[in-house]
Amino acid sequence: MDIKYMRRAIDLAKGGWSKVKPNPLVGAVIVKDDIVLAEGYHHYFGGDHAEVDALKKINYIAEGATIYVSLEPCSHYGKTPPCVEAIIKSKISKVVVAMEDPNPLVAGRGIKILRDNGIEVISGILEEEAKKLNEIFIKYITTKKPFLILKSAITLDGKIASKTGNSKWITGEESRAYTHHIRNRVSGIMVGVSTVIYDDPQLNTRINGREDVSNPIRIIVDDQNIRIPLDSNVVRTTNEQKTIVVTTVNAETEKIEKLKSLGVDVILTKDKNGQVDLEELMNELGEKKIDSVLLEGGGTLNYSALESGIVDKVMYFIAPKILGGRDAITSIEGEGIDKVDDAFKIDDISIKRFDKDILVEGYVRKER
């Protein structure tokens, strides 16, 4: 029964996608005598946590009941009071937790307080599922750096565009629609300046039938020459959807001031042979409370991101097409790796199907 109700709590938690960041996704189910008394989840940042959302529905009357929570109940005052206080007040007798909270402000304290008050606590039920659900939160709360997903759409022979640069469309409608659901979940979307120059994308979120979508902050990685066109979509619409241009400390001041006058935020990093320092950029984005970034870059930026160690997860949509051509563009270019043994390794692989396309997801092994 523990697994059944915890799986329900994890499913409920997903209702907070795009609305609670940078807080975690949390769901809760209150059960007594195998009857569900109430369910809840964290709906939006600053709103009631999952436990309180559920308890309010039964007026905090839950004596002898069990509450299943996908994340350890909080024990500190933040936007809301500690959830452990609400649980104790309700006279719940047992708390089942999927995972301990990695937040240093909690980190086992919530469980300890509950036990000190005579409440039975079981931890670790569907722990891996809970961790995957909150992989963004875990990375951000423990490092203060965003969780970065490298996403690419490729042909069977690894091309993201033909030799002429044409790339519309590599994958089908279902794959592209799913990409917009991912955009809806992350805080930022990052591309290189060449993508802006050649494609002039909007980099927004479009989901059929939904108006409550979340547009990610657009992050444009430029170089010390600041090549971004001032009449590009991302610059023109920055008052509607925030745009950050990232360049180096050696960039031209006049162009920087022009961008700022148009409402664009500018981040300056150390100069690495005329290019942006991506590791420093991640620190800067973390300071701005950007907890997650979807990288939809070209081959050069993608390689630089992998080489700098900032990529946590990859998402490769593979279409059943073959382009060929030695000059066709691949998803990872740059200098490249000399030996196969030194390649970037991807672990914990999963595969999904979107019509004729295949999505391969995995996590970048940090030790090389």
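Because the structure is predicted, anything quoted here is derived from the model rather than measured.

## Some words on helix 1 (residues 2-13)
For helix 1, with twelve residues, the first-to-last C-alpha span of 16 Å sits near the 16 Å given by 1.5 Å per residue. Contacts from the buried residues of helix 1 go to strand 1 (27-32), strand 2 (35-41), strand 3 (66-69), strand 4 (94-97) and helix 5 (127-133).

## With respect to the sheet that holds strand 11 (residues 265-269)
One open sheet accounts for nine strands, arranged 11-10-9-8-14-6-15-18-17; its pairing is mixed. Every other strand in the sheet has two partners, leaving strand 11 and strand 17 (346-354) as the edge strands with one partner each. Strand-to-strand twist in this sheet, taken as the mean axis angle between neighbours without regard to direction, amounts to 20°. Where strand 17 and strand 18 (residues 357-364) come together, seven bridges link them in antiparallel fashion. Each bridged residue has a counterpart across the sheet, and for Ile 351 the counterpart in strand 18 is Val 360. On the sheet, helix 11 (residues 278-287) packs against strand 6 (147-155), strand 8 (188-192), strand 9 (217-221), strand 10 (243-248), strand 11 and strand 14 (292-295) and is oriented at approximately 135° with respect to strand 11. Together, strand 6, strand 8, strand 9, strand 14 and strand 18 form the strand contacts of helix 12 (residues 299-308), whose direction differs from that of strand 14 by roughly 135°.

## Some details on the UniProt feature "binding site: substrate" (unreviewed entry) in the protein chain
On the UniProt side, "binding site: substrate" (unreviewed entry) is annotated at positions that read Ser 167, Arg 183, Leu 203, Arg 206 and Glu 296 here. With respect to the element layout, Leu 203 can be found in the loop between helix 8 (193-199) and strand 9. Since its relative accessible area comes to 4%, Leu 203 is described here as buried. With residues near it in sequence (within four places) discarded, Leu 203 still touches Arg 183, Ile 189, Val 191, Pro 216, Arg 218, Ile 220, Val 234 and Gln 241. Within the fold, Arg 206 resides in the loop between helix 8 and strand 9.

## Thoughts on the packing of aromatic side chains
Taken as a whole and judged by the stated rule, the model has five aromatic pairs. Between Tyr 5 and Tyr 68, the ring centres sit 5.3 Å apart and the planes meet at 40°, which makes this aromatic pair tilted. Highlighted residues: Tyr 5 in helix 1 and Tyr 68 in strand 3, separated in sequence by 63 residues. Just as Tyr 5 is buried, Tyr 68 falls in that class too. Linked through ring pairs, Tyr 178, Phe 317 and Phe 354 together constitute an aromatic cluster.

## Examining the nonpolar core
Proteins that are soluble and globular tend to have nonpolar side chains buried together. Core analysis: the largest hydrophobic core is formed by 45 residues, its most contacted members being Met 6, Ile 30 and Val 95. Broken down by secondary-structure element, the contributors of at least two residues to this core are helix 1, strand 1, helix 2 (50-56), strand 3, helix 3 (83-90), strand 4, helix 4 (109-116) and helix 5. In terms of residues, this core owes the most to one element, helix 1, which gives six residues. Those residues in contact with Val 95 that lie beyond four places of it in its chain are Ile 67, Pro 73, Ile 87, Leu 114, Ile 119, Glu 120, Val 121 and Ile 122. Counting residues in hydrophobic clusters, the runner-up holds 29 residues, among them Met 190, Ile 219, Tyr 303 and Ile 310.

Here is what the cut-offs are and how they apply
The residue numbers shown here count from 1 along each chain, following its written sequence. The predicted origin of the model limits local features to residues at a pLDDT of at least 70 and limits the giving and counting of side-chain atom pairs to 80 or more, whereas totals for whole chains, interfaces and linings rest on all residues. Hydrogens and water molecules were not included; the side-chain quantities draw on all heavy atoms of the structure. For the purposes of this entry, the term helix denotes a DSSP run of H or I that reaches at least four residues, the term strand denotes a run of E that reaches at least two, and both are numbered from the N terminus. Helix span, as expected, comes to 1.5 Å for every residue beyond the first. Every residue pair with non-hydrogen atoms within 4.5 Å of one another is taken to be in contact. Two strands form a pair only when DSSP identifies at least two bridges running between them. Only the contacting stretch of a helix is used when fitting its axis, a line to C-alpha atoms as for every element, and angles between N-to-C directions run 0 to 180 degrees. UniProt positions are given in the numbering used here, feature names are shortened, and annotations may be inferred rather than shown by experiment. Categorising residues by exposure relies on relative accessible area from a 1.4 Å probe, with only protein chains included: less than 20% of the type maximum marks a residue as buried, more than 50% marks it as exposed, and the intermediate range marks it as partly exposed. Two rings from Phe, Tyr or Trp (for Trp, the six-membered ring) form a pair when their centres sit within 6.5 Å of each other. Planes less than 30 degrees apart are called stacked, planes more than 60 degrees apart edge-to-face, and all others tilted. As used in this record, nonpolar core signifies buried Ala, Val, Leu, Ile, Met, Phe, Trp, Tyr and Cys residues forming a set joined through side-chain atoms within 4.5 Å.

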